[in-house]
Amino acid sequence: METIKNIRQIPTPFLVIDQSVLEKNIHRIHSYAKAHGYRVRPHVKTHKSLSITRMQLAAGGAGIGVAKATEAQALAEHPGTDITVAYPAFGDERVRIIAGLAQTHTVRVAVDERSLMDWLSRAAMDHDTTIGIHVMFDAGLHRCGTADPDELTALARYAQNAPYLEFEGIQLYLGHLYGPNASAPESFEQINRSWKPAYNALCKAGLEPPMVSSGATPSLFNTHQVAHVNELRVGTAYINDYFVAKFNHCALEDCAARMVATVVSDRVPGQVIIDAGSKSLSAKQLLRREALEMGYVCEYPEARICRLHEEHGWVDVSRCKNPPGPGDRISIIPVNAALCMNLFNFFYLQRADGTLERKAITARGCCI
């Protein structure tokens, strides 16, 4: 890959990831996991990058988590890679890809429907392979899964008995916890009030789950408050973004990604226009003090990105003592790093010495 010594050589807008920050985040995640006896499964949907996947696996990642089957095709580099498709993979093409991957890799799929298991079973039979099943437990987000012990047990038994399938565990997602709720003991007590009876029902039925996999960045470092977990699915926490920082789940200096943009106009007093719009930053928004924000400007903390068109961004600089002008560059912590990664064909990995290496976003656009 191309190495660049001067960041000014790169035309804007472009995405930079600080290697030192990324490595620090990796170390923190694995240190926490080791302290609590967890396996770590990088959820590569966040970055979709083979180079970052390699770093995560080299640090001790147990395998990869993906949202889409085609992400696994792009990022499961070596035969035997351990893959969890942490998403209900309905559709002929998805199931065909998963069964094909299962011939050379260890593959499991998160499910909460018998009909999907039937589909996966037929595909596994056609490919003469076995697909693992994680039954989805609803920890409180009410998006997928069930919290009913009898239903959870029935789904696990169905997976265990279905031809060419194997019940391999339970998947939890704590996506309803952020802000103070992501660390409050009562939040986890509430989860355990429904999860412990469900776990006990599984064990009583002879279906003790070999793996209990939990994910969600805001509550990541409080996962030990959930009973019986033995695996962490980790996505955004490797990179972090403004959403994570805004809710005090990381510091700004823990955010590895920056979008670099150029000011292209300052004709309106108190405002500048940048060359990064929704096609670069995504249109993800945050509310802070009743004001919309669409990214954090590192050099100008008083500035506020308040509006995006496709190729233009509005930045309120009325509170800045020395605002940027046309031709000046600014670096922005995006609200959602995963959305930004999927908007570019490549990013720049910035080393400690300041040099940058261009890296492909290998699974960009892999949506099946």
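J.: Describe empty space enclosed by the protein, naming the residues involved and giving the relevant values.
T.: In this structure the tally under the stated criterion is 1 cavity of 30 Å³ or more. Here the largest cavity defines a volume of roughly 110 Å³. Met136, Phe137, Asp138, Ala139, Gly140, Leu141, His142, Arg143, Cys144, Gln171, Leu172 and Tyr173 together form the lining of the largest cavity. Counting residues per element, the ones that place at least two in the lining of the largest cavity are strand S7 (131-137) and strand S8 (165-173). Considering only residue class, the lining of the largest cavity consists of 7 nonpolar, 3 polar and 2 charged.

J.: Can you explain the sheet that holds S7? Please cite residues and give values.
T.: Read from one edge to the other, the open sheet built from 8 strands follows the order S3-S10-S9-S8-S7-S6-S5-S4, with strand pairing classed as parallel. Two strands in the sheet have a free side with no partner beyond their single neighbour: strand S3 (39-42) and strand S4 (64-66). Looking at each pair of strands side by side, their axes are set apart by 25° on average, direction ignored.

J.: Can you tell me about the pairing of strand S20 (residues 356-360), naming the residues and giving the values?
T.: Note that strand S1 (residues 3-4) and S20 share 2 bridges and pair antiparallel. Looking at S20, one finds that Ile4 is bridged to Leu356. Across 5 bridges, the pairing between strand S19 (residues 346-350) and S20 is antiparallel. Following the sheet pairing, Leu349 is matched in S20 by Glu357.

J.: Lay out the state of the cysteines with the relevant residues and their values.
T.: What the rule picks out here adds up to 0 disulfides. Cys250 takes part in no disulfide bond, and the closest cysteine sulfur, belonging to Cys255, lies 4.0 Å away.

J.: I'd like a description of the packing of aromatic side chains, backed by residues and values.
T.: Taken as a whole, this structure holds 11 aromatic pairs when the rule is applied. Judged by centre distance (5.9 Å) and plane angle (70°), the rings of Phe90 and Trp119 are edge-to-face. Of the two residues, Phe90 sits in the loop between strand S5 (82-85) and helix H4 (92-102) while Trp119 sits in helix H5 (residues 114-126), which places them 29 residues apart along the sequence. Among the aromatic residues, those joined into a cluster by ring pairs are Phe14, Phe346 and Tyr348. When the ring centre of Tyr158 is taken as reference, the NZ or CZ atom of Arg114 above it lies at 5.7 Å. Over the ring of Trp314 we find Arg307, and its NZ or CZ is 4.3 Å from the ring centre.

Parameters and conventions
- Residues numbered from 1 in each chain as written.
- Predicted model: local features only at pLDDT ≥ 70, side-chain atom pairs only at ≥ 80, totals over all residues.
- Heavy atoms only, no water.
- 1 Å grid on protein atoms, 1.4 Å probe; cavity = no way out; pocket = protein on both sides within 12 Å on 5 of 7 lines; lining within 4 Å.
- Points joined across faces, edges and corners; volume = space filled by probe spheres on them.
- Helix = DSSP H or I, 4+ residues; strand = E, 2+ residues; numbered from the N terminus.
- Nonpolar A, V, L, I, M, F, W, Y, C, P; charged D, E, K, R; others polar.
- Pairing = 2+ DSSP bridges.
- Axes fitted to C-alpha atoms, helices over the stretch in contact; angles between N-to-C directions.
- Disulfide = S-S within 2.5 Å.
- Phe/Tyr/Trp six-rings, centres within 6.5 Å; stacked < 30°, edge-to-face > 60°.
- Lys NZ or Arg CZ within 6 Å of the ring centre and 35° of its normal.

Bear in mind that shape data such as this cannot, by itself, settle questions of function.
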